[in-house]
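# Commentary on secondary and tertiary structure
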Amino acid sequence: MKPEKFKSIHIDLEKGIYELNGIQAERIRALALTWDCEDGWALEITRDEVYTAPA
């Protein structure tokens, strides 16, 4: 899986805003924001996705 470019994160609990790179973030249950002196900021997310098969 190719990493996507991390541009921005906006979380405002009072206003209910959860955005990643300017797009509303959904189904994210965990995130880790880390700093590396050589590479800069990195954000890793865990997202739940549901798949169903027809009966």
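Each remark here, short or long, concerns the structure printed above.
In this report, we go over the structure that sits alongside the text.

Cut-offs applied
- All residue numbers here refer to positions counted from 1 along the written sequence of the relevant chain.
- Owing to the predicted nature of the model, reporting of local features is limited to residues with pLDDT of at least 70; listing and counting of side-chain atom pairs is limited to 80 or more, with chain, interface and lining totals taken over all residues.
- The side-chain numbers reported here are obtained from all heavy atoms of the structure, hydrogens and water having been left aside.
- Numbering goes from the N terminus for both helices and strands, where a helix is a DSSP run of H or I of at least four residues and a strand is a run of E of at least two.
- We define a salt bridge as a side-chain nitrogen of Lys or Arg found within 4 Å of a carboxyl oxygen belonging to Asp or Glu.
- Buried residues are those whose accessible area, probed at 1.4 Å on protein chains only, stays under 20% of the maximum for their type, while exposed residues exceed 50% and partly exposed ones sit between those limits.

### With respect to unusual backbone geometry
- Despite not being glycine, N21 shows a phi value in the positive range, around 55°.
- Position of N21 relative to the elements: it lies in the loop between strand 2 (17-20) and strand 3 (23-24).
- Phi is positive for R27, close to 60°, though the residue is something other than glycine.
- Positionally, R27 belongs in the loop between strand 3 and strand 4 (28-36).

### Focus: the pattern of salt bridges
- Inspection of every chain in the model, using the stated rule, returns 2 salt bridges.
- A salt bridge links R27 to E26, with the shortest nitrogen-to-oxygen separation between them at 4.0 Å.
- Among the residues examined, E26 registers a relative accessible area of 42% and is labelled partly exposed.
- Notably, a salt bridge pairs D48 with R29, separated by 2.8 Å at the nearest N-O pair. Of this pair, D48 sits in the segment after strand 5 (40-47) while R29 sits in strand 4; the two residues are 19 residues apart in sequence, bridging distant segments of the chain.
- Owing to a relative accessible area of 60%, R29 belongs among the exposed residues under this scheme.

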